[in-house]
Amino acid sequence: MTTYDDRSSLTDLTAVVERVRSSVEGVIEGKPEVVRLSLTVLLAEGHLLIEDVPGVGKTMLAKALARSIDCSVRRIQFTPDLLPSDITGVSIWDQQRRDFEFKPGAIFAQIVIGDEINRASPKTQSALLESMEERQVTIDGQTYELPSPFMVVATQNPVEMEGTYPLPEAQRDRFMARVSVGYPSVEAELKMLDIHGGVSPLEDLQPVAHAHDIVKLIEAVRGVHVAETVRRYAVDLVAATRTHPDLRLGASPRATLHLLRAAKASAALSGREFALPDDVQALAVAVLAHRLLPTAQAQLNRRTSEQVVQEILQRIPVPAAAPQQGGLGVGRRAPAYPQQPPRSL
């Protein structure tokens, strides 16, 4: 069982993440960038939305991430008849005690897998709002804290599929990032046939990290240093979505906070004690695009929110400045940013 002290090196901390990454990549073939984004969201205390067509491994990715960590896991299959109380829990009258007893729902776990979240009604989807933002559940006036770490990994099919409901804006805004698994390459699909052709690798997947390891990593990520210029860059990117002519709904201040937290987690995964503008730039599409609503004219022109974010990234200059001093609580000065002119993707 791994333990840490206040002056543990970032290398020692990220060794845990490497074990989790290797474990998940043993199940999900040929998608290292998707696995990295999932771990980034986990360490940034966010929630992940996996959107793609059926059969590409959305639920497999969520299960592999959950089984690689020794923590409580619950899976919710979202269907049109699912009730909010099935998620949050319900108070039941106990005849012997002559009092109400609370029966926790499926949300009371450290990693919650919401399968096909957009097949449930908006009323049921709203049962996740409080838990995802405040990490608590209120039933009959009583508030119950959720365990730590807490992460919702939800999968959804594209809205063009039959039997789906669009996620409300407030629900989408609570997901830190959205990722698309996509179809595998020919080589990865051939390897998948060898690995998955017999017994599913999920059955042999063993935890490679403990829940308290993840808590320690989250605490370390909170200490990653972010320079004023990097914070300003994140704010400028988000602000640009609110005035873009192709968008009728821009990103919220929560999106700015999520973008900054994800950049800090990405820096830690790269072995750095400070965040770079490159971290913000690399995560902007995944963190911002699913929150944006294109105008009717933009939809007629087949303009997607991802394209709008890419355009904004090309338009907003990338800063090049040195941070003041390092993070992670070790009191060291962070290395200067490499001097570079503003560039576009």
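Everything numeric here is computed off the predicted structure, so don't read it as measured data.

Parameters and conventions
- Residues numbered from 1 in each chain as written.
- Predicted model: local features only at pLDDT ≥ 70, side-chain atom pairs only at ≥ 80, totals over all residues.
- Heavy atoms only, no water.
- Helix = DSSP H or I, 4+ residues; strand = E, 2+ residues; numbered from the N terminus.
- Buried < 20%, exposed > 50% of the residue type's maximum accessible area, 1.4 Å probe, protein only.
- Areas by Shrake-Rupley, 256 points an atom, 1.4 Å probe, with all protein chains shown as cover.
- Pairing = 2+ DSSP bridges.
- Axes fitted to C-alpha atoms, helices over the stretch in contact; angles between N-to-C directions.
- Salt bridge = Lys/Arg side-chain N within 4 Å of Asp/Glu carboxyl O.
- Polar contact = N/O pair within 3.5 Å; in protein donor to acceptor, adjacent residues only side chain to side chain.
- Contact = heavy atoms within 4.5 Å.
- Patch = residues over 30% accessible without salt bridge, like charges linked within 9 Å, V, L, I, M, F, W, Y side chains within 5 Å.
- pLDDT = per-residue confidence, 0-100.
- Expected span 1.5 Å × (residues − 1).
- Parallel < 35°, antiparallel > 145°, perpendicular 65-115°, else oblique.
- Left-handed = near helix turned anticlockwise from the far one by under 90°.
- Phe/Tyr/Trp six-rings, centres within 6.5 Å; stacked < 30°, edge-to-face > 60°.
- Lys NZ or Arg CZ within 6 Å of the ring centre and 35° of its normal.

On to the overall build of the protein. Regarding its fold elements, the protein presents 14 helices and 13 strands. By residue count, 51% of the 345 residues in the protein fall in the buried class. Counting only carbon and sulfur atoms, one obtains 51% of the accessible surface of the protein, whose full area is about 16,400 Å².

This part takes up the sheet that holds strand S1 (residues 48–51). If you walk across this open sheet you meet the five strands as S3-S6-S9-S1-S10, and the pairing is parallel. Looking at strand neighbours, the two that pair on one side only are strand S3 (73–77) and strand S10 (177–179), the edges of this open sheet. With direction set aside, neighbouring strand axes in the sheet form an average angle of 20°. Here strand S6 (residues 111–115) pairs with strand S9 (residues 151–156) via four bridges, running parallel.

Another aspect to go through is the pattern of salt bridges. As enumerated under the stated definition, the model contains 15 salt bridges in all. Note that Arg 272 is salt-bridged to Asp 279, the shortest N-O span being 2.9 Å. Connected through shared salt-bridge partners, Glu 133, Asp 173, Arg 254 and Arg 291 make up one network.

Before going further, it helps to spend a moment on the side chain of Asp 115. The residue Asp 115 is located in strand S6 in this model. A polar side-chain atom of Asp 115 sits 2.8 Å from a polar atom in the side chain of Thr 59. In contact with Asp 115, other than residues within four places in its own chain, are Thr 59, Arg 75, Ile 76, Gln 77, Phe 78 and Thr 155.

In this section: a nonpolar patch on the surface. Residues Val 186, Leu 190, Met 192 and Leu 193 make up a contiguous nonpolar surface patch of about 380 Å² in total accessible area. One can find Met 192 in helix H8 (residues 186–196).

This part is about the confidence of the model for the protein. Looking at the protein, pLDDT values average 84 and 86% of them are 70 or higher. Note on residues 1–7: pLDDT under 50 across the span, and twelve contacts to partners over four residues away in sequence or across chains.

With an omega dihedral of -5°, the bond running from Ser 148 to Pro 149 counts as a cis peptide bond. Relative to the elements of secondary structure, Pro 149 occurs in the loop between strand S8 (142–145) and S9. Its identity as a non-glycine residue notwithstanding, Arg 98 has a phi of 55°, on the positive side. With respect to the helices and strands, the residue Arg 98 is situated in the loop between strand S4 (89–94) and strand S5 (99–104). Assessed through its relative accessible area of 60%, Arg 98 is described here as exposed. At Arg 302, a position not held by glycine, the phi torsion is positive, near 60°. If you trace the backbone, Arg 302 turns up in the loop between helix H13 (296–300) and helix H14 (305–315). Look at Arg 302 and you get exposed, because its relative accessible area is 72%.

In this model, helix H2 (residues 32–43) (twelve residues) spans 17 Å end to end at C-alpha, consistent with the 16 Å of a helix rising 1.5 Å per residue. Restricting attention to buried positions, one finds in H2 the residues Val 34, Val 35, Leu 37, Ser 38, Leu 39, Thr 40, Val 41, Leu 42 and Leu 43. Remark: Glu 45 follows H2 within two positions and exhibits a positive phi of approximately 60°.

Where helix H11 (residues 253–269) meets helix H12 (residues 277–288), the axes come as close as 9 Å, and the angle between the chain directions of the two elements is 130°. Relative to H12, the element H11 is oriented oblique. Between H11 and H12 lies a crossing whose hand is right-handed. Residues Ala 255, His 258, Leu 259, Ala 262, Ala 263, Ser 266 and Ala 267 of H11 form the contact with H12, whose own contacting residues are Asp 279, Val 280, Leu 283, Ala 284, Val 287 and Leu 288.

This paragraph deals with helix H9 (residues 211–222). For H9, which comprises twelve residues, the first-to-last C-alpha distance of 17 Å matches the rise-based estimate of 16 Å (1.5 Å per residue) to within 8%. Residues of H9 that are buried include every one of Ala 211, Asp 213, Ile 214, Leu 217, Ile 218, Ala 220 and Val 221, and no others.

Take the packing of aromatic side chains next. According to the stated counting rule, one finds four aromatic pairs in the structure shown. Considering the side-chain rings of Phe 102 and Phe 108, the 5.7 Å spacing of their centres and the 70° angle between planes classify their relative orientation as edge-to-face. Assessed through its relative accessible area of 16%, Phe 102 is described here as buried. Aromatic pair Phe 102 and Tyr 144: ring centres 4.1 Å apart, planes at 10°, arrangement stacked. Within this pair, whereas Phe 102 is found in strand S5, its partner Tyr 144 is found in strand S8, the two being separated by 42 residues in sequence. Three or more aromatic residues link up through ring pairs in this structure, and these residues are Phe 102, Phe 108 and Tyr 144. We note Arg 272 situated over the ring of Phe 274; from NZ or CZ to the ring centre the distance is 5.9 Å.

With that settled, consider the side chain of His 244. Here His 244 shows up in the loop between helix H10 (228–243) and strand S12 (247–249). Given the relative accessible area of 5%, His 244 is considered buried. A polar contact is formed between the side chain of His 244 and the backbone nitrogen of Asp 246, at a distance of 3.1 Å.

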